[in-house]
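Tertiary structure, described
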Amino acid sequence: MEICLNLLIEWLEEPIESEENSEKDFLSVERVLYFNELDNEAIVINIFDSKGFPFLRSFSEIRDAILSGNANIWTKDPFDYLRRSDKYFSEKSIKHREDSRKDFEKLIDDKEIDLMLNRKVRGKKVNELREITGRSKTTINGWLRSWWQSGREENALLPDFDKCGGKGKRRLSDNPDGTKLGRPPRNYDEQSEESSGVRITPAIERKFERGVKKFYETNECRSLAETFDRTKEKYFCIGEDKIDGIRVPVLPPDNQLPSYMQFWFWYRNHYRNSKRETISRDGEIEYLKNSRSITGDSTQMAFGPGSLLQFDSTIANVHLVNSLIPDRIIGRAVVYLGIDTFSHAIPGFAALAEGPSWKGAMIALDNVTTNKVEFCAKYGITIDEDEWPMHHVFEGILADRGEMKGYKAEPFLNIGVKIQNTSPYRADMKGLVERHHGIAEQKIVKFLPGYVPHLKERGEPDYILDASLTLNDFRKLWIDHILEYNELHHMKGYKKNKFMIADYVKRYPLDIWNWGIRNRSGHLRAISQDIIRLNLLPRKTVAVTPRGIHLEGELYYVSDLILREGWLDRAKGKSLRVEVAYYPDSADVIYLPLDGGTRLEVCYLTQASQHLKDCSWYDAVDYFALEYQAEKADRTKRQRRKAIRQARKENIVSNAIERRQNALLKSGKTSKKSRKESIRLNREMEKLADNPLKDWQPSLPSGNTFDDNINVTNETAEPQEEEYIPRPSYIDALRKLQEDDK
């Protein structure tokens, strides 16, 4: 390292000091004022020593310390502020410098080395100059020290007027009875009995701070004036009084209280912190969204076209009508919008009556990858491929924790799309698409029939009744807007990189998109539309049962492949689960991804599920929910019936057991063998006793009774008495059975 004049050296390990610098409490940073390598001498001075003068060092000592790492070279000179033009100094300071220089030039001559190293020579010259000019010894020594420590700068003779006074320091006193500082009172303040304030002390400022923290930063008071009143009542009261049983604070006279302007001045100039104020009163989310400093640019989030799609949905502020019955108002449409972060171009959108949901997002993202020539042709708009050349899969999607959050968006990972969601309540993280909703309202929605500019006030016409546009009309307006925006919207604030500047790229979304395709391609990919739509459809893992693939409730599906390969037979006795994709609008079919999602197998409703044909999946799920609710409503009734039946069962069984035990006690001791041998005889006796046919008596008409052996010829004949027939004896029957057994 080459040693030169004015070089600053910081000593890390203290060298042997001279007598003048033996005791010090400052940094050991020395400036080289003179050196002679041949004589191995160097004159240095510590630039932070307020009483030091130059002293001699060994040149080799300095060089070896630097090479060994015991000393460092300082590149930032603390006296650089002196090396400025005179326009930065006041006229008074410059005049003071010139007067000092006239006297100082008498002190500096060709024998400056003797002046630096020889104390006697320096003292003699200082005394001579003091007698000639009348200046003090301290002043002259100060000139010399500043001259050498600054590296012989003339501006070192400038006075330190900037260090005078108390600039930036608070002038506070502990005596509140002293003279009030600041603005003098106005004439009408002097004439009135009311005071314009008191002398502010640290104790008063502490009360101000406590009041602001308690009332203002907690939103208990909405204004500083109200906060000041509450602070006086809380922290400046000298007692309490009771009025109608209510405690009321007693305040001192007004001339003993600080004024509101003193409170306001203290808050605005000494206490206020915009960040702390916004966070404490409105919350951190409000600060991050609307009040934080903005030093970045969202365009830098993307390297090229297709890197990142900012996606969002909003409800358009215009009411639409039914396309079949134009006098029926269907309400406001939901607009789903995607914007390319790199070029700010719009690659796709969707306008639906469907509320913000995954279904709407699915259709909008499908539109991003759709060929726009074919899409516009469906609405009678003819365009060229170059007017809207965006029909690719993006590398990433940035949404706001709405439709794109959850398991429904997971299939995007299959096609290499990264899903990112902003923090809660941080719409500013995707400001491009959020801002475009406002642009679209000004250019498309505003002043359309059915547009509602604000809440209806009393006496105003009802703008909703003016609704005339259908969904298709609204979509056509959006298509025209996007075509114009992509081609002709001049982005004045777009930050072009140096390569765009070199290529003279215009500040239009389509021009930047085309430049990015030529120079920063690789982020856009073309994938089969069927595969894209397969991954956009909602997924569900379901079971394969002997009845078919069970999607939900009574929905079962089969296909030729499933029947041919015997999936249903294999499902007997073991669990088999597969993942399927389904359309929310129709329950007629589901899709079974095969071969890693490259092939689709369409599955249809089974014969047993045909009663749910032509209904949507949501309708079927709603039907299943209603059936479940009906079953749940009858659950209490069924449980009560079960309890009654169980109680009866237990009663019958207990009575039968008791009856058997009583019969055994009554019959005396009977062997088990004898009880078992008479089972057949007992059974036959039970048949005779329990004959159900005995209750089957024919129902005869009232009046005559008929007998096969009697011919009734005279209707007036008196009826004969019936002959008594005794009931058959069971004893005879039992005897006959015993004889047959023998």
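Structure's up top.
Residues numbered from 1 in each chain as written. Predicted model: local features only at pLDDT ≥ 70, side-chain atom pairs only at ≥ 80, totals over all residues. Heavy atoms only, no water.

Further remarks concern the packing of helix H2 (residues 91-104) against helix H5 (residues 137-149). Remark: H2 packs on H5, axes separated minimally by 11 Å, with the N-to-C direction vectors making an angle of 95°. One finds that H2 runs roughly perpendicular with respect to H5. Counted together, Ser-100, Asp-103 and Phe-104 of H2 and Trp-143, Leu-144 and Trp-147 of H5 form the full contact between these two elements. Here the residues of the contact of H2 with H5 are counted per class, giving 4 nonpolar, 1 polar and 1 charged. (Axes fitted to C-alpha atoms, helices over the stretch in contact; angles between N-to-C directions. Helix = DSSP H or I, 4+ residues; strand = E, 2+ residues; numbered from the N terminus. Parallel < 35°, antiparallel > 145°, perpendicular 65-115°, else oblique. Contact = heavy atoms within 4.5 Å. Nonpolar A, V, L, I, M, F, W, Y, C, P; charged D, E, K, R; others polar.)

With that settled, consider the packing of aromatic side chains. Enumeration over the complete set of coordinates arrives at 19 aromatic pairs. Plain terms: the ring middles of Phe-53 and Trp-148 are 6.4 Å apart, the flat faces sit at 75° to each other, and that makes the pair edge-to-face. On the criterion of sequence distance, the pair formed by Phe-53 in the loop between strand E3 (41-46) and strand E4 (55-57) and Trp-148 in helix H5 is long-range, its members being 95 residues apart. Judged by its relative accessible area of 10%, Phe-53 falls in the buried class. Directly above the ring of Tyr-271 sits Arg-276, whose terminal nitrogen or CZ lies 4.4 Å from the centroid. It is Lys-372 that lies over the ring of Trp-388; its NZ or CZ is 5.4 Å from the centre. (Phe/Tyr/Trp six-rings, centres within 6.5 Å; stacked < 30°, edge-to-face > 60°. Buried < 20%, exposed > 50% of the residue type's maximum accessible area, 1.4 Å probe, protein only. Lys NZ or Arg CZ within 6 Å of the ring centre and 35° of its normal.)

Next up on the list: the nonpolar core. If you look at the biggest cluster of nonpolar residues, it comprises 58 residues, and the most contacted ones within it are Phe-349, Trp-388, Phe-474, Trp-478 and Ile-479. Tallying contributions element by element places helix H15 (residues 471-488) first for this core, with 7 residues. If sequence neighbours within four positions are ignored, Phe-474 has contacts with Ala-316, Val-318, Leu-320, Ala-333, Val-335, Ala-351, Ile-444 and Val-445. (Core = buried A, V, L, I, M, F, W, Y, C linked by side-chain atoms within 4.5 Å.)

Mapping Gly-239 onto the fold places it in strand E6 (residues 239-243). For the pair Gly-239 and Pro-252, spaced 13 residues apart in the sequence, the C-alpha separation amounts to 9.2 Å. Once residues lying within four places of it in the same chain are set aside, the contact partners of Gly-239 are Val-248, Pro-249 and Val-250.

What follows is about the sheet that holds strand E9 (residues 329-340). If you trace the 5 strands from one edge of the open sheet to the other, you get E10-E9-E8-E11-E12, paired in mixed fashion. Of all the strands in the sheet, the pair left with one neighbour each is strand E10 (348-352) and strand E12 (418-421). Across the sheet, the mean angle separating the axes of adjacent strands is 25° when strand polarity is ignored. Sheet topology note: the E9/E10 ladder contains 5 bridges and is antiparallel. Counterpart to Gly-338 in the pairing with E10 is Gly-348. Packed onto the sheet, helix H12 (residues 358-368) meets strand E8 (309-321), E9, E10 and strand E11 (396-399) and runs at close to 145° relative to E10. (Pairing = 2+ DSSP bridges.)

Residue placement: Glu-112 occurs in helix H3 (residues 112-117). Assessed through its relative accessible area of 15%, Glu-112 is described here as buried. Of note is the side chain of Glu-112, whose polar atom sits 3.2 Å from the side chain of Arg-152. Setting aside residues no more than four positions away along its own chain, Glu-112 makes contact with Trp-147, Trp-148 and Arg-152. (Polar contact = N/O pair within 3.5 Å; in protein donor to acceptor, adjacent residues only side chain to side chain.)

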